[in-house]
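Listed here are the chains, written in short residue letters.
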Number of protein chains: 2
Amino acid sequence: MSLKYAVLAALLEGESSGYDLAKIFDVSVSNFWSATPQQLYRELERLAGDGLIDARVVQQERRPNKRMFTLTEAGLRDLHAFAAEPPRPIAIRDELMVKVQAMDGADPAATRALIEERMEWSRGKLARYERLRRHLLGGRDETEYLRDAERIGPYLTLMAGRSLEESNLRWGEQVLEILDRRFNYAGTTGT
Amino acid sequence: MSLKYAVLAALLEGESSGYDLAKIFDVSVSNFWSATPQQLYRELERLAGDGLIDARVVQQERRPNKRMFTLTEAGLRDLHAFAAEPPRPIAIRDELMVKVQAMDGADPAATRALIEERMEWSRGKLARYERLRRHLLGGRDETEYLRDAERIGPYLTLMAGRSLEESNLRWGEQVLEILDRRFNYAGTTGT
DNA sequence: CGATGGTAGTCAATTTGTTGAGTAGGTGCG
DNA sequence: CGCACCTACTCAACAAATTGACTACCATCG
């Protein structure tokens, strides 16, 4: 129901092709909304049909032609109305948590490895966030940016993503310690 | 694809009816996997057909009969194998974040209210986690529990849920402050 | 020269997920 | 005594998401 608005929100950044959006949804938006390219192309079709976005074909010389999309006035109005409505509750699908929940009786070393992988992934994500943050700030100081910038929405969601990954990392550290104690990978400290 | 395993993992807690599972998926599991009752009933049907769970009908006197489900040996093996496989990446759908991303140009007071609602909801969730935690500990000290308890998976996922909600709350506090500064709901401090 | 990988998509099939209604008895409230 | 709410589901229809394959052309590496 609201991949629609995730797409419209992404188009606030400016004109994009479906392919561009697929990349955006893979890196930044994917923190709080995910979509496969196929979903995006379908959704763009529908949004253009409903007059919420405009499409124009760009002829290219050495690569396939592409269609670029922009928000229309109607699309922007719709998006702003959506932004003021109460959100539906957050939905999370985290297979790792199902695996952790079911870990007892299975191989603890395997679970440990999965958690370490997740932590490594979180670290990578934090690094990407930091780069994006610098890019958004554009040399300005954070306080100044938050006071004066035209758009702060993307920065606020960036903060949420960062906060989430930091919490993931802290959780991971705690769990690794617990597993090490319980299954003594670390050996006895007093020997 | 893995509502299947979320259900099997829930059955580690012991024999349950579809109705019981629906309640469990509404309170505890819903932190990292969600499902509607209809999905559960369909999934239970399939799992029983595949021999991963056993079903038995319990006749009841003053209420409808129910079917109780238990893990079979095959189901447990399948679950343990799943637990050691690499998870697919986490998928989050958070409408609030889409609204925050698109807030610029819309009504900031409305966004502010949505964030406060979310924070209130997080506080409620933390309180429920704390009750569940006490229940799991059953009077034991945490260190002791994590060393000796038969199952720690549910406790570890509980920790993750708590960690997530705490991070949500911290984020909310920061954002409220930013919005107040920017749109001066707080007025000038020096008056 | 062949393989790999990027751009920019489309199509079809299947699986999941969501919504709404229906059944059927019981309990508790005022 | 009537109404809402709880237990415990079932059915049907629809919407959304996922998977995999396919098209086509270009650039780059070895």
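Predicted model only: the values in this text are computed from it and were never measured. (Residues numbered from 1 in each chain as written. Chains lettered and ligands numbered in written order. Predicted model: local features only at pLDDT ≥ 70, side-chain atom pairs only at ≥ 80, totals over all residues. Heavy atoms only, no water.)

Caption draft 1: Fine view of the protein's contact with DNA strand C. Close contacts around DNA strand C come from 22 residues, with Tyr19(A), Tyr41(A), Arg93(A), Gln39(B) and Arg62(B) the closest. Near the protein, within 4 Å, the atoms of DNA strand C are sugar or phosphate in 68% of cases. At 2.8 Å from a phosphate oxygen of DNA strand C is found a side-chain nitrogen or oxygen belonging to Tyr19(A). In this structure, a base oxygen belonging to DNA strand C sits 3.3 Å away from a side-chain N or O atom of Gln38(B). Elements represented by at least two residues in the surface near DNA strand C include exactly helix H2 (18-27), helix H3 (37-49) and strand S3 (66-71) of chain A together with helix H3 (37-49) of chain B. In terms of residue count, H3(B) provides more of the surface near DNA strand C than any other element does, four residues in total. Residues of the surface near DNA strand C, tallied by class, amount to six nonpolar, eight polar and eight charged. (Near = heavy atom within 4 Å. Polar contact = N/O pair within 3.5 Å; in protein donor to acceptor, adjacent residues only side chain to side chain. Helix = DSSP H or I, 4+ residues; strand = E, 2+ residues; numbered from the N terminus. Nonpolar A, V, L, I, M, F, W, Y, C, P; charged D, E, K, R; others polar.)

Caption draft 2: Molecular detail of the environment of Glu85(B). Mapping Glu85(B) onto the fold places it in the loop between helix H4 (73-84) and strand S4 (91-93). Contact partners of Glu85(B), with chain neighbours within four places excluded, come to Lys99(A) and Leu114(A). (Contact = heavy atoms within 4.5 Å.)

Caption draft 3: Spatial organisation of the interface of chain A and chain B. Facing the 65 residues of chain A at the interface are 65 residues of chain B. Overall, the association of chain A and chain B removes approximately 6500 Å² of surface from exposure, summing both partners, and the carbon and sulfur fraction of that is 63%. By the criterion of area lost to chain B, the three top residues of chain A are Arg93(A), Glu95(A) and Gln101(A), representing 12% of everything that side buries. Here chain A and chain B share four salt bridges between them. Residue Glu95(B) pairs with Arg88(A) through a salt bridge whose shortest N-O separation is 3.4 Å. Here chain A is connected to chain B by 37 residue pairs in polar contact (both at pLDDT 80 or more). Of all elements in the fold, only helix H1 (3-11), helix H4 (73-84), strand S4 (91-93), helix H5 (95-101), helix H6 (108-137), helix H7 (142-148) and helix H8 (153-183) of chain A reach the threshold of two or more residues within the side of chain A that touches chain B. A per-element tally of the side of chain A that touches chain B places H8(A) first, with 16 residues. Within the side of chain A that touches chain B, the residues separate by chemical class into 39 nonpolar, eleven polar and 15 charged. In terms of strand pairing, S4(A) meets S4(B) through three bridges, oriented antiparallel. When the sheet's bridge partners are listed, Arg93(A) is paired in S4(B) with Ala91(B). (Buried area = accessible area lost by both parts, 1.4 Å probe. Salt bridge = Lys/Arg side-chain N within 4 Å of Asp/Glu carboxyl O. Pairing = 2+ DSSP bridges.)

Caption draft 4: Representation of the relation of the copies chain A and chain B within the structure. Mapping chain A onto chain B leaves a residual RMSD of 0.2 Å; the transformation is a rotation of 180° accompanied by 0.0 Å of translation along its axis. When the rotation and shift are considered jointly, the pair of chain copies conforms to a two-fold rotation axis. For chain A, the minimum C-alpha distance to the rotation axis belongs to Ile92(A) and amounts to 2.3 Å. (Least-squares fit on C-alpha atoms with pLDDT ≥ 70 in both.)

Caption draft 5: Representation of the environment of Asp50(A) within the structure. One can find Asp50(A) in the loop between H3 and strand S2 (53-58). Owing to a relative accessible area of 52%, Asp50(A) belongs among the exposed residues under this scheme. (Buried < 20%, exposed > 50% of the residue type's maximum accessible area, 1.4 Å probe, protein only.)

Caption draft 6: Examining the sheet that holds strand S2 (residues 53-58) of chain B more closely. Residues and elements named next belong to chain B. What the three strands build is an open sheet, ordered S1-S3-S2; its pairing is antiparallel. The open sheet has two edge strands with one neighbour each: strand S1 (16-17) and S2. Pairing analysis gives six bridges linking S2 to strand S3 (residues 66-71), with the strands arranged antiparallel. Its bridge partner lying in S3, Asp 54 is registered against Thr 70.

Caption draft 7: Fine view of the sheet that holds strand S1 (residues 16-17) of chain A. What the three strands build is an open sheet, ordered S1-S3-S2 (chain A); its pairing is antiparallel. A single partner strand is all that each edge strand has here, and the edge strands are S1 and S2 of chain A.

Caption draft 8: Just the side chain of Ser16(B), in detail. On the secondary structure map, Ser16(B) appears in strand S1. Once residues lying within four places of it in the same chain are set aside, the contact partners of Ser16(B) are Leu11(B), Leu21(B), Arg67(B), Met68(B) and Phe69(B).

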